[in-house]
Amino acid sequence: KDIKNGTKPAASKENGASEEEAGSSQSPLAVFQAAYKDYQAERWSLALDGFAQYLKEEPEGSLADKSHYYSALTARAMKGNKKALDHLEQILERFPKSPLTKSAMLEKAKIYASEKRHAEAEGMLEYLAVTYPKSQEAEEARELLKKLPK
């Protein structure tokens, strides 16, 4: 017991409590930030787990689009193109007004091209270039279109 006020101290990791007892519930922002640090440090599995935790807790949260985007980049780094495409599709379907929409389209096209799915890559790149003609992503899309086999 706390001598000053006669209460039992809160369970915490510092005083030997398990994560469940300590209420390991970091804020969703802290979860995202930790996952992003893992992403930057190329700790892919930890990053993917962290982004998944954020999405489980906040599927429509303010960082959900970013969590999907960085999950996609992480999955791609781990050679998980299918999982990456799934996350990118989530952005396009659920967050069409996200600032990451253009980047998601570009990443999808790059994955398609890497898998020799040239018609799908071409379609995505053309759509991106026409829909967002003045964007940096559209400029990159036009450059990639020139490199695709005809």
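Below or above, wherever it landed, is the structure these notes cover. (Residues numbered from 1 in each chain as written. Predicted model: local features only at pLDDT ≥ 70, side-chain atom pairs only at ≥ 80, totals over all residues. Heavy atoms only, no water.)

**Here's the deal with the nonpolar core**
Operational definition: By convention a nonpolar core is built from buried Ala, Val, Leu, Ile, Met, Phe, Trp, Tyr and Cys residues, the set being connected through side-chain atoms within 4.5 Å. We call a residue buried when its accessible area falls under 20% of the maximum for its residue type, exposed when it is over 50%, and partly exposed in between, using a 1.4 Å probe and counting protein chains only. For helices the rule is a DSSP run of H or I covering at least 4 residues; for strands it is a run of E covering at least 2, with both sets numbered from the N terminus onward. We call two residues contacting when some pair of their heavy atoms lies within 4.5 Å.
Within the largest apolar cluster, 35 residues are counted, with the highest numbers of intra-cluster contacts made by Phe51, Tyr54, Tyr69, Tyr70, Leu88 and Leu125. Counting only elements with at least two residues in this core, the list comes to α2 (28-40), α3 (44-57), α4 (64-77), α5 (81-94), α6 (101-114), α7 (118-131) and α8 (136-147). Among all residues touching phenylalanine 51, those that are not within four sequence positions of it are Phe32, Ala35, Tyr36, Tyr39, Ser67, Tyr70, Ser71 and Thr74.

**Notes on the environment of glutamate 120**
Assignment of secondary structure puts glutamate 120 in helix α7. With relative accessibility at 37%, the residue glutamate 120 sits in the partly exposed group. Placed 12 residues apart in sequence, glutamate 120 and lysine 108 show a C-alpha to C-alpha distance of 9.1 Å.

**Here's the deal with unusual backbone geometry**
Positive phi, close to 65°, is recorded for lysine 79, a residue that is not glycine. The topology assignment puts lysine 79 in the loop between α4 and α5.

**Some points on the packing of α7 against α8**
To keep it simple, the criterion reads: Interaxial angles span 0 to 180 degrees and are taken between N-to-C directions of axes, which are lines fitted to C-alpha atoms, for helices over the stretch in contact. Working definition: roughly parallel below 35 degrees, roughly antiparallel above 145 degrees, roughly perpendicular at 65 to 115 degrees, and oblique for all remaining angles. Helix crossings get a hand from a simple test, with the near helix turned counterclockwise from the far one by less than a right angle marking a left-handed crossing and a clockwise turn marking a right-handed one. As a working rule, the residues Ala, Val, Leu, Ile, Met, Phe, Trp, Tyr, Cys and Pro are called nonpolar, Asp, Glu, Lys and Arg charged, and the rest polar, with Gly in that last group.
Close contact between α7 and α8 brings their axes to 8 Å; oriented N to C, the two are set at 140°. The angle between α7 and α8 places the two elements in the oblique class. Crossing geometry of α7 relative to α8 is assigned as left-handed. Taken together, the residues of α8 that come into contact with α7 (itself represented by Glu122, Leu125, Glu126, Leu128 and Ala129) are Glu137, Ala138, Ala141, Arg142, Leu144 and Leu145. The class makeup of the residues in the contact of α7 with α8 is 7 nonpolar, no polar and 4 charged.

**Focus: the packing of aromatic side chains**
Note the following rule: The aromatic pairing rule takes the rings of Phe, Tyr and Trp, using the six-membered ring of Trp, and pairs them if the centres are within 6.5 Å, calling planes under 30 degrees apart stacked, those over 60 edge-to-face and the rest tilted.
Within this structure, the stated rule accounts for 9 aromatic pairs. The interplanar angle of 70° and the centroid separation of 5.0 Å between the aromatic rings of tyrosine 36 and tyrosine 70 together place this pair among those described as edge-to-face. Taken together, the residues tyrosine 36 in helix α2 and tyrosine 70 in helix α4 connect sequence positions 34 residues apart. Each member of the aromatic cluster is reached from another via a ring pair, and the members are Phe32, Tyr36, Tyr39, Trp44, Phe51, Tyr54, Tyr69 and Tyr70.

**Observations concerning the packing of α2 against α4**
Running from N to C, α2 and α4 cross one another at 25°; their axes reach a closest spacing of 11 Å. Between α2 and α4, the crossing angle belongs to the class labelled roughly parallel. You can see that α2 and α4 cross each other, and the crossing is left-handed. Along its contact with α2, which presents Phe32, Tyr36 and Tyr39, the element α4 presents Lys66, Ser67, Tyr70, Leu73 and Thr74. Here the contact of α2 with α4 is built from residues that sort into 5 nonpolar, 2 polar and 1 charged.

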